[in-house]
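Geometric and topological summary
Spelled out from the first residue to the last, the chains are:
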Amino acid sequence: MRIDLHTHTRASDGTQTAEELVRAAAASGLDVLGVTDHDTTEGWAEAARTAAEVGITLVRGIEVSTKHLGRGAHLLAYLPDPTYPPLLEHLRKILDGRSSRVPAMLERLREAGVDVDISDVRRAADGTAATGRPHVADALVTLGVVPDRSTAFRRFLNPGRPAYVNRYAAPLVEMIRVIDEAGGVSVLAHPWGRHGEESMPESALTELAGLGLAGLEVDHQDHPPAARERLRAIARDLDLVVTGSSDHHGLGKHDHELGCNTTAPEELERLLALADAASARSTRTTPEVLR
Ligand code: AMP
Ligand code: ZN
Ligand code: FE
Ligand code: FE
């Protein structure tokens, strides 16, 4: 049984439609696929239709942009009620903040001598609700300014680079509570990815586990082997679910092929049991656990 619990579609910043992604997952031999676009559930319906068609199990998720200890943190929300108003309200605020800063980024690019029109970005984003830096990067690629997304981030879009503009993110602790109220389960995505251990020390993980965090994404391409082993030990001590996933973005991220990291079946079982329990406690009106 091969399980990949974190992937993206064009509903956020992947390069595949939900249908293409799910077909590719089945073709690559995955049995279970988590579709977890940034801050949106827009890809779920198409992913579910295709999953039923090709006979793989879909786990519905959202990778929520949050902030903790002054830094960004990505929180995977699995199987929440997508109609729970406080969750919708947070996602709306995050998505608004993500796209409303695009004009400011283009202004900074102009100051740096690079002319990108908002229509170039819109074309790259192709109507996604979550227009952000990846689409500005794609516009820069299309215009021939940079060869690929990563170069665009390195030269222009990362914090400290000329076109970086900060945006709203939900407080992490509050989001863990909202996801629980929505009958979902929270797993911290790549906890030591972008900024290494200092951004999310063991003491912070311990505190978050006490506040309802259910799991850690241990096996992720941004974690070197030593980080994975330490995170695995921390998860064991704190009785947290351990997940592994590709964080696949289609052609949008190199070295994140579907199934390059996977989640053990017994860990998925724990996660689903926790979702069932959260659902039973919640006021959800959507089907218990959609899977
Ligand atoms: P934004 O939400 O607009 O701030 O964009 C952040 C998203 O950009 C992240 O969640 C990643 O999916 C993507 N991203 C960040 N850094 C890179 C990079 N170096 N190369 C490609 N994509 C990246
Ligand atoms: Zn992304
Ligand atoms: Fe992430
Ligand atoms: Fe991701």
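The written sequence of each chain sets the order in which its residues are numbered from 1. Just so you know, chain letters begin at A and ligand numbers begin at 1, following the order they were written in. Residues qualify for local features only when their pLDDT is at least 70, as the model is predicted, and side-chain atom pairs are given and counted only at 80 or more; totals for whole chains, interfaces and linings, by contrast, use all residues. Note: side-chain values were computed over all heavy atoms of the structure, leaving out hydrogens and water.

**Looking at the coordination of the iron ion (ligand 4)**
This is how the line gets drawn: For Na, K and Ca the donor cut-off is 3.2 Å; for every other metal, N, O and S atoms count as donors within 2.8 Å. Water does not enter the count, which can leave sites looking incomplete. Under this scheme a four-donor centre is tetrahedral when all angles range from 85 to 135 degrees, a four-donor centre is square planar and a six-donor centre octahedral when opposite donors are above 155 degrees with the rest from 65 to 115, and any other centre is irregular. Only DSSP runs of H or I with at least four residues qualify as helices, and only runs of E with at least two residues qualify as strands; both kinds are numbered from the N terminus onward.
In this structure, H6 (NE2), H8 (NE2), E63 (OE) and D247 (OD) serve as the protein donors to the iron ion (ligand 4), at separations of 2.1 to 2.2 Å. Around the iron ion (ligand 4) sit four donor atoms; with metal-centred angles ranging over 76 to 162°, the donor geometry is irregular. Donor residues binding the iron ion (ligand 4) come from one chain and are separated in sequence as H-x1-H-x54-E-x183-D. Between the two metal centres, the iron ion (ligand 4) and the zinc ion (ligand 2), the spacing is 4.4 Å. Pair noted here: H8 is in the loop between β1 (3–4) and α1 (18–27) and D247 is in the loop between β8 (241–244) and α11 (265–281), with a separation of 239 residues, a long-range link.

**A look at the pairing of strand β6 (residues 185–188)**
Which entries qualify depends on this criterion: Relative accessibility under 20% of the residue-type maximum defines a buried residue, over 50% an exposed one, and the middle range a partly exposed one, all with a 1.4 Å probe and only protein chains included. For two strands to count as paired, DSSP must find a minimum of two bridges between them. The path from the first strand over the helix to the second decides the hand: if it runs clockwise while the strands point away from the viewer, the crossover is right-handed.
A two-sided burial pattern is seen for β6, the buried positions comprising V185 and V187 on one face and S186 and L188 on the other. Alignment of strand β4 (residues 71–78) against β6, held across four bridges, turns out to be antiparallel. Within β6, the residue paired with A77 across the bridge is S186. Summarising the sheet, β6 and strand β7 (residues 215–219) pair through two bridges and their orientation is parallel. Within β7, the residue paired with L188 across the bridge is L216. Assessed by its sense of winding, the connection that carries the chain from β6 through helix α9 (residues 202–210) to β7 is right-handed.

**Let's talk about helix α7 (residues 149–157)**
Filter applied, for reference: Should any heavy atoms of two residues lie within 4.5 Å, those residues are counted as being in contact.
R149, T151, A152, F153, F156 and L157 are the residues of α7 that are buried. For α7, the elements touching its buried residues are α4 (102–111) and α6 (133–142).

**Here we look at the coordination of the zinc ion (ligand 2)**
Here the zinc ion (ligand 2) is held by D13 (OD), D13 (OD), H38 (NE2) and H249 (NE2), and the distances to it run 1.9 to 2.6 Å. Mapping the donors of the zinc ion (ligand 2) onto the primary sequence yields the spacing D-x24-H-x210-H. Metal-to-metal, the separation of the zinc ion (ligand 2) and the iron ion (ligand 3) is 5.8 Å. Taken as a pair, D13 in the loop between β1 and α1 and H249 in the loop between β8 and α11 lie far apart in primary sequence, 236 residues in all. Note on accessibility: D13 and H249 belong to one class, buried.

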